[in-house]
Amino acid sequence: MITASKIQTDIESLPQQEYIKLMQWLSEYDCHAWDKELAKDSQTGHLDFLIDEALHEKNTNQLKTI
């Protein structure tokens, strides 16, 4: 069985170029997972409260723009 400790040790022993490639892959993997979760939450209505809050602030002239 592979453990986090073993993976950590392996990462620490990577050559710099391989470490960079791994970090790029991890970043892309993490972004993809985040996108999937966000899409799922959006489709199931879990983010509707954000729209409701924005509409309430707009209707009460409290909406702040950046």
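For clarity, every value in this text was computed on a predicted model and none was experimentally measured.

> So, a nonpolar patch on the surface: which residues are in play, and what are the values?
Side chains of Leu-14, Tyr-19, Ile-20, Met-23, Trp-25, Leu-26 and Tyr-29 sit close together on the surface and give an oily, nonpolar patch of about 630 Å² of accessible area. For Ile-20, a relative accessible area of 31% gives the class partly exposed.

> Account for helix H2 (residues 16-43), with residues named and values stated.
Along its 28 residues, H2 runs 41 Å from first to last C-alpha, staying within 8% of the 40 Å computed at 1.5 Å per residue. Phi for Gly-45, located one or two positions after H2, is positive at around 85 degrees.

> Tell me about the pattern of salt bridges, and please be specific about residues and values.
Inspection of every chain in the model, using the stated rule, returns 2 salt bridges. A salt bridge links Lys-6 to Asp-10; its shortest N-O distance comes to 2.7 Å. Pair noted here: Lys-6 and Asp-10 are both in helix H1 (residues 4-12), with a separation of 4 residues, about one helical turn. A salt bridge links Glu-18 to Lys-21, with the shortest nitrogen-to-oxygen separation between them at 3.2 Å. Of this pair, Glu-18 and Lys-21 both sit in helix H2, 3 residues apart, which is roughly one turn of that helix.

Rules used in this analysis
- Every chain begins its residue count from 1, and numbering advances along the sequence as written.
- With the structure being a predicted model, the display of local features is reserved for residues of pLDDT at least 70 and the display and counting of side-chain atom pairs for 80 or more, all residues being used for whole-chain, interface and lining totals.
- For the side-chain quantities, the full set of heavy atoms in the structure was used; hydrogens and water were omitted.
- In this scheme, patches are assembled from residues that exceed 30% relative accessible area and form no salt bridge. Like charges are connected within 9 Å, while nonpolar side chains (Val, Leu, Ile, Met, Phe, Trp, Tyr) are connected within 5 Å.
- Here the open area of atoms and residues is found with the Shrake-Rupley method and a 1.4 Å probe, where only the protein chains shown may cover a residue.
- A side-chain nitrogen of Lys or Arg and a carboxyl oxygen of Asp or Glu constitute a salt bridge if their distance falls within 4 Å.
- Per-residue accessibility, obtained with a 1.4 Å probe over protein chains only, is compared with the maximum for each type, and a residue is labelled buried under 20%, exposed over 50%, and partly exposed between these values.
- Runs of H or I in DSSP of at least four residues are treated as helices and runs of E of at least two as strands, each being numbered from the N terminus.
- Expected span of a helix, by definition, is 1.5 Å for each gap between consecutive residues, and there is one gap fewer than residues.

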